[in-house]
Amino acid sequence: MQALAVETVYLNSQYQKDDDGEFVLNDANERQLNHGEEGYRIKPLNSLQFCEVMTDGFEIRGGNHVMKFAGVQLLLRYGLENPAIIPKLPALRMTELAHAIYTKSALAEAERKN
């Protein structure tokens, strides 16, 4: 039931990287956050919200399901604990957060069904 809980996530773009693009590690072998970075509180979507994202937020291109901008916006609106920050987010953070919310919601749907 861990997928149903609200959690704080840190995105890959929030961590320090060296000149080779590798993450900078601290003494405990953990990735170092950039100075002043805060995590984002995300929650899984309920079944109705997840269904709306799947129907309105995806399209099929070349046999693949591709998320549209409307899907990203729905995921952020429903999955962020504080949706007021959405207009301030850079595009990369929006897509990373939407991916994290989608993954958490898909796992929560699988837990609900089993």
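Please refer to the structure placed before this passage.
If you're wondering where the values come from, they're calculated on a predicted model, not measured in any experiment.

> Where do I start with the packing of helix α2 (residues 69-79) against helix α3 (residues 91-113) in this structure?
Geometrically, a packed helix pair is captured by the angle between its two axes and the distance between the axes. One way to put it is that α2 packs onto α3 with a least axis distance of 9 Å and a crossing angle of 65°. In terms of orientation, α2 and α3 fall into the roughly perpendicular class. Considering how the two elements wind past one another, α2 and α3 form a crossing that is left-handed. Touching F69, V72, Q73, L75, L76 and G79 of α2 are M94, L97, A98, I101 and Y102, all from α3. The residue makeup of the contact of α2 with α3, split by class, is nine nonpolar, two polar and no charged.

> What is the right way to look at a negative patch on the surface in this model?
A surface patch of negative charge is lined by D18, D19, D20 and E22. Mapped onto the fold, D19 is located in the loop between β1 (7-9) and β2 (40-42). According to the relative accessible area criterion, D19 is exposed, its value standing at 82%.

> What's the story with the nonpolar core in this structure? I'm lost.
Here is a general trend for soluble globular proteins: nonpolar side chains tend to be buried in one another's company. Y40, I42, L45, L76, L80, L97 and I101 are the most contacted members of the largest nonpolar core, which has 21 residues in total. Breaking this core down by element, the ones donating at least two residues are β2, α1 (47-56), α2 and α3. For L45, the residues in contact, after removing those within four places along its chain, are F50, V53, L75, Y78, G79, I101, S105 and R112.

> It is not clear to me how the packing of aromatic side chains should be interpreted in this structure. Could you clarify?
Inspection of the entire model under this criterion finds three aromatic pairs. Centre to centre, the rings of Y15 and F23 are 6.0 Å apart; their planes meet at 80°, and the pair counts as edge-to-face. Overall, Y15 belongs to the buried group, its relative accessible area being 13%. In this structure an aromatic cluster arises from ring pairing among F50, F58 and Y102. Above the face of the Y15 ring, R31 is positioned so that its terminal group lies 4.2 Å from the ring centre. One Lys or Arg, R77, reaches over the ring of Y78 and ends 5.7 Å from the middle of that ring.

> Mind showing me how you'd approach α3 here?
At 3.6 residues per turn, the α-helix brings residues three or four places apart onto the same side. For α3, built from 23 residues, the straight-helix expectation of 33 Å at 1.5 Å per residue is met to within 8% by its first-to-last C-alpha distance of 33 Å. When α3 is considered as a whole, its buried residues turn out to be R93, M94, E96, L97, A98, A100, I101, K104, S105, A108 and E109. Turning to α3, the residues buried within the fold contact β1, β2, α1 and α2.

What counts and how
- Residues numbered from 1 in each chain as written.
- Predicted model: local features only at pLDDT ≥ 70, side-chain atom pairs only at ≥ 80, totals over all residues.
- Heavy atoms only, no water.
- Axes fitted to C-alpha atoms, helices over the stretch in contact; angles between N-to-C directions.
- Helix = DSSP H or I, 4+ residues; strand = E, 2+ residues; numbered from the N terminus.
- Parallel < 35°, antiparallel > 145°, perpendicular 65-115°, else oblique.
- Left-handed = near helix turned anticlockwise from the far one by under 90°.
- Contact = heavy atoms within 4.5 Å.
- Nonpolar A, V, L, I, M, F, W, Y, C, P; charged D, E, K, R; others polar.
- Patch = residues over 30% accessible without salt bridge, like charges linked within 9 Å, V, L, I, M, F, W, Y side chains within 5 Å.
- Areas by Shrake-Rupley, 256 points an atom, 1.4 Å probe, with all protein chains shown as cover.
- Salt bridge = Lys/Arg side-chain N within 4 Å of Asp/Glu carboxyl O.
- Lys, Arg positive; Asp, Glu negative; His and termini not counted.
- Charge placed at Lys NZ, Arg CZ, Asp CG, Glu CD.
- Buried < 20%, exposed > 50% of the residue type's maximum accessible area, 1.4 Å probe, protein only.
- Core = buried A, V, L, I, M, F, W, Y, C linked by side-chain atoms within 4.5 Å.
- Phe/Tyr/Trp six-rings, centres within 6.5 Å; stacked < 30°, edge-to-face > 60°.
- Lys NZ or Arg CZ within 6 Å of the ring centre and 35° of its normal.
- Expected span 1.5 Å × (residues − 1).

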